[in-house]
Amino acid sequence: MNIRVPKSSGFCYGVRRSVEAAFQLAREGNAYMYGEVVHNPQVVEALVQSGLHLIHDLSEIPLEHQHNAKILIRAHGVPESVTTEITALGMVAIDMTCPHVKKIHVLVAKAAASGMDVIVCGTPGHPETLGTVSRVTTQAVIVQDLDEARVIIPSRTFAQAGVCLVAQTTHNQADYEAVHDYLAGECPSITALTAHATICGATFARQNELRGMATQADACIIIGGKNSSNVTKLYDIARALCPHTVHIENAASLDAAAFSDAQNIVIAGGASTPAEDVAKVEAMLRDVCVG
Ligand code: SF4
């Protein structure tokens, strides 16, 4: 049995720095993460056990603890209204928004200021897209893929100043390219398009590496939170190239025996998957299938 792990597996730069900051805040006390700092239930649980409180609204912080409470802003950012409210309530924002995400905030705010509408190629309701559209003062539309774009975009009227297209940092590159080509070409309701390919380098490299490896594999195991956008995208990519692909959250949910006939297995983690989780799955597979 040949087991391969992509070099790009494990925390990306943005997630690593926000998780390190989270553990530091947990030690300092009176600190809160606004939403899950990373889409990985095990890491979030470890942080809660270390003393960092998980909140989804600032009102969850008891009044007597609000003054100088430290609020960790996750790598994929929050809506602008949240940072404003943190300051207004006398709390301190520890802003770990990834620079790649901040760059998108600046791009869409500038585009809106010049009268352009914004289309985000991403997942509706995802924290990053919510944070991005909160910076748009003109019309903002979210589409996930070409099929959605073909349905939603022609029915809208867009600003004379044109449309700015961005991608969620963890979106599927192929979906972004298909949406871009449609908007730039055949779409009738858009006359001027300014596109920014904002899928981050870490996501791009991870997707490409997995694509290359999955074509040669007879089984793939994708590890990470079921609620993680980037992990789900990796699963979709591997599954399209290798039918025997599973998505598990960690080693505890691995059915190792199901892979005993596989000769070439790829094990990959997402940007929010600790490298130790990938190593545990690999060790378990070797134990059960190699002996
Ligand atoms: S996936 Fe990309 S944008 Fe998101 S935190 Fe990691 S490096 Fe930053």
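Note that the coordinates shown come from a computational prediction; the quantities given were computed from them, not determined experimentally.

### A closer look at the overall build of the protein
Helix and strand counts for the protein stand at 11 helices and 12 strands. For a compact globule of 291 residues, the expected C-alpha radius of gyration is about 19 Å, and the protein comes in at 21 Å, within 12% of that figure. By principal-axis analysis of the C-alpha atoms, the protein measures approximately 65 × 55 × 25 Å. Taking all 291 residues of the protein together, 46% fall into the buried category. Within the protein, residue pairs in contact and separated by at least 24 positions form 73% of the contacts whose partners lie at least 6 positions apart.

### Regarding the nonpolar core
Counting residues in each nonpolar core, the largest one holds 58 residues, and the members touching the most others are Ala-22, Ile-71, Leu-72, Val-118 and Ile-119. Two domains share this core, each providing at least three of its residues, namely domain 2 (13-98) and domain 3 (100-195). If we skip the residues at most four places from it in the chain, Leu-72 touches Ala-21, Ala-22, Leu-25, Ala-31, Tyr-32, Met-33, Tyr-34, Val-37, Ile-94 and Met-96. If you look at the next biggest cluster of nonpolar residues, it comprises 26 residues, including Ile-222, Ala-238, Cys-242 and Val-281.

### Quick look at the sheet that holds strand β4 (residues 70-73)
The strand order across the open sheet formed by 4 strands is β3-β2-β4-β5, and the pairing between neighbours is parallel. The open sheet has two edge strands with one neighbour each: β3 (53-55) and β5 (92-95). Sheet twist, expressed as the mean angle between neighbouring strand axes with direction ignored, is 30 degrees. Of the pairings in the sheet, the one linking β4 to β5 comprises 4 bridges and is parallel in character.

### Quick notes on the site of the ligand
For the ligand, the set of nearby residues contains 16 residues, the closest of which are Cys-12, Gly-14, Cys-98, Thr-169 and Cys-200. Ranked by the residues each element gives to the shell around the ligand, the list is headed by helix α1 (residues 13-28), at 3 residues. Taken together, the residues of the shell around the ligand sort by class into 9 nonpolar, 7 polar and no charged.

### So, the sheet that holds strand β6 (residues 117-121)
If you trace the 4 strands from one edge of the open sheet to the other, you get β7-β6-β8-β9, paired in parallel fashion. The sheet terminates laterally at β7 (140-143) and β9 (193-195), the two strands that pair on one side only. Along the sheet, successive strands turn relative to each other by an average axial angle of 20 degrees, direction set aside. Here 3 bridges tie strand β8 (residues 163-167) to β9, and the two strands are oriented parallel to one another. Along β9, the bridge assignment pairs Cys-164 with Thr-194. Relative to the sheet, helix α5 (residues 99-113) contacts β6, β8 and β9, its axis offset from that of β8 by approximately 170 degrees.

### Digging into unusual backbone geometry
Notably, Asn-30 is not glycine yet its phi reads approximately 40 degrees, a positive angle. Tracing the backbone shows Asn-30 in the loop between α1 and β2 (31-34). Even without being a glycine, Asn-68 presents a positive backbone phi close to 65 degrees. Residue Asn-68 is classed as exposed on the basis of its 9 C-beta neighbours within 10 Å.

### Section: the domain arrangement of the protein
Accessible area lost upon the coming together of the parts is a frequently used measure of interface size. Assigned domains within the protein: domain 1 (2-10 + 201-290), domain 2 (13-98) and domain 3 (100-195). Placing a centre on the C-alpha atoms of domain 1 and another on those of domain 3 gives a separation of 31 Å. On the domain 3 side, the residues contacting the 9 residues of domain 1 number 7 residues. Listing elements by their share of the side of domain 1 that touches domain 3, those giving two or more residues are α9 (201-214) and α10 (229-241). Top contributing element to the side of domain 1 that touches domain 3 by residue count: α10, with 5 residues. Each residue belonging to the side of domain 1 that touches domain 3 can be placed in one class, and the counts come to 3 nonpolar, 4 polar and 2 charged.

What counts, and at which threshold
Residues numbered from 1 in each chain as written. Predicted model: local features only at pLDDT ≥ 70, side-chain atom pairs only at ≥ 80, totals over all residues. Helix = DSSP H or I, 4+ residues; strand = E, 2+ residues; numbered from the N terminus. Rg over C-alpha atoms; globule rule 2.2 N^0.38 Å. Buried ≥ 20, exposed ≤ 12 C-beta atoms within 10 Å, placed from the backbone. Contact = placed C-beta atoms within 7 Å. Core = buried A, V, L, I, M, F, W, Y, C linked by C-beta atoms within 7 Å. Domains from an automatic or database assignment. Pairing = 2+ DSSP bridges. Axes fitted to C-alpha atoms, helices over the stretch in contact; angles between N-to-C directions. Near = placed C-beta within 6 Å. Nonpolar A, V, L, I, M, F, W, Y, C, P; charged D, E, K, R; others polar.

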